[in-house]
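Observations on the model geometry
Next come the chains, spelled out residue by residue.
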Amino acid sequence: MNNFSKWISAMRLRTLPLSISGIIVGTCLAAFDGFFNPLIFVLAILTTLSLQILSNLANDYGDGVKGTDNDDRIGPVRALQSGDITAKQMLLAIKLNVVVTLVFAISLIWVSFGSENFLMSVFFFILGLACVVAAIKYTVGDSAYGYKGLGDVFVFLFFGLVSVIGSYVLFVKQIDYITFLPAVAVGMLSSGVLNLNNMRDILSDVKSNKNTLVVKLGSERAKKYHYFLVGGAMFVTALFGIIYYTSPINLIFLIVFFPLIKHLITVYKNEVPKDLDPELKKLALSTFFLALLLGLGFIL
């Protein structure tokens, strides 16, 4: 049981709700248009969760072998850093996770497109491989893009655009402009979570030569960038609600604006990086509930 708990900790389950936010929005928009398949939804969730766990394990491994995770790190102690899991064990877990992820992804593609939509099947298979590579290459390898300040771009693309628009296409089999604004909003908030994480870790990242966007911008400009991400996501979501307004229930997502505004005030007043750690969970959960209420508001 102790060994099992170490692996559960390494998977960082608290990051999972954020990862499925885009799937929820895309699925709800598809259901709003009259398309829903419970099996596609379940497989999309399983594929996304598997990808997020893969990313978490790969980040633990990549930062661990590079020495980025050390005593200066503020966040939760990671598996390699603590010695609970060896690098060899983690690498094996990553390989097994890749297999599991691909099984889920291929099953999802087959159920969604079958043999009738061969070109879409091929496209989504390539997209699935790209997601796997992106999940691993954030911190693993000499060319890890997370060490070059490109993490925000990939998070915006995969957690926002690919997640929302891609999940919608799985149901409807075509792209619709109704997905664009929610995809941008989820992508901006997801990038906000990463930015907040990097703001918290700026001191240890500088010492470890991990050149995140926050390290490149500096703390003060990183804060302004954070206001842009979270505030911009709120604006885009509100714009979506106005454009597609049919009933007051559509705007139920506005409830989540209150914790988001409170979060921005907390970040504005903060002067100590380590004090930002509690805000990570709050922002991630706010993103999840915004996605949930945005989607349900339109279905209802």
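Quick look at the structure, then. Just so we're clear, the structure is a prediction, and the values are computed from it rather than from any experiment.

With that out of the way, let us pick up the overall build of the chain. When you go through the chain residue by residue, the secondary structure sums to 14 helices and zero strands. The secondary structure elements of the chain, listed N-terminal to C-terminal, are α-α-α-α-α-α-α-α-α-α-α-α-α-α. Against the globule reference of 19 Å for 300 residues, the chain gives a C-alpha radius of gyration of 19 Å, in line with a compact fold. In terms of principal-axis extent, the alpha carbons of the chain reach across some 50 × 45 × 35 Å.

Moving on, we come to helix α9 (residues 180-200). Along its 21 residues, α9 runs 30 Å from first to last C-alpha, staying within 8% of the 30 Å computed at 1.5 Å per residue. Burial runs high along α9: 18 of the 21 residues are buried.

Now for the packing of helix α3 (residues 21-32) against helix α14 (residues 277-299). α14 packs onto α3 with a crossing angle of 5° between their chain directions and a minimal axis gap of 9 Å. It follows that α3 is roughly parallel to α14 by the angle criterion. Residue-level contacts link Ser21, Ile24, Val25, Cys28, Ala31 and Phe32 of α3 to Thr287, Phe288, Ala291, Leu292, Leu294, Gly295, Leu296, Phe298 and Ile299 of α14.

It is worth spelling out the pattern of salt bridges at this point. Counted according to the given criterion, the structure contains four salt bridges. For Arg200, the salt bridge is made with Asp201, and the minimal N-O distance between the two is 2.8 Å. Taken as a pair, Arg200 and Asp201 share a single burial class, namely buried. Close ionic contact of Arg200 with Asp277 constitutes a salt bridge, the shortest N to O distance being 2.5 Å. Here Arg200 is found in helix α9, whereas its partner Asp277 is found in helix α14, with 77 residues between them in sequence.

Let us look at a nonpolar patch on the surface. Together, Ile106, Phe118, Leu119, Val122, Phe125, Ile126 and Leu129 line one region of the surface with nonpolar side chains, adding up to about 680 Å² of accessible area. Mapped onto the elements, Leu129 comes out in helix α7 (residues 118-137). Looking at Leu129, the relative accessible area reads 36%, which means it is partly exposed.

Each pair of aromatic rings is reported with the distance of its centres and the angle of its planes. Tallied over the full model, the rule gives 13 aromatic pairs. A ring pair is formed by Phe36 and Phe41, whose centres lie 6.2 Å apart and whose planes are at 50°; its orientation type is tilted. Taking the relative accessible area as the measure of exposure, Phe36 reaches 49% and is therefore partly exposed. Of the residues examined, Phe41 reaches a relative accessible area of 26% and is grouped as partly exposed. With 3.9 Å between their ring centres and 20° between their planes, Tyr145 and Phe154 make a pair best called stacked. Taking relative accessible area as the criterion, Tyr145 reaches 11% and is therefore assigned buried.

Conventions adopted
Residues numbered from 1 in each chain as written. Predicted model: local features only at pLDDT ≥ 70, side-chain atom pairs only at ≥ 80, totals over all residues. Heavy atoms only, no water. Helix = DSSP H or I, 4+ residues; strand = E, 2+ residues; numbered from the N terminus. Rg over C-alpha atoms; globule rule 2.2 N^0.38 Å. Expected span 1.5 Å × (residues − 1). Buried < 20%, exposed > 50% of the residue type's maximum accessible area, 1.4 Å probe, protein only. Axes fitted to C-alpha atoms, helices over the stretch in contact; angles between N-to-C directions. Parallel < 35°, antiparallel > 145°, perpendicular 65-115°, else oblique. Contact = heavy atoms within 4.5 Å. Salt bridge = Lys/Arg side-chain N within 4 Å of Asp/Glu carboxyl O. Patch = residues over 30% accessible without salt bridge, like charges linked within 9 Å, V, L, I, M, F, W, Y side chains within 5 Å. Areas by Shrake-Rupley, 256 points an atom, 1.4 Å probe, with all protein chains shown as cover. Phe/Tyr/Trp six-rings, centres within 6.5 Å; stacked < 30°, edge-to-face > 60°.

Worth remembering: the numbers are spatial, not functional.
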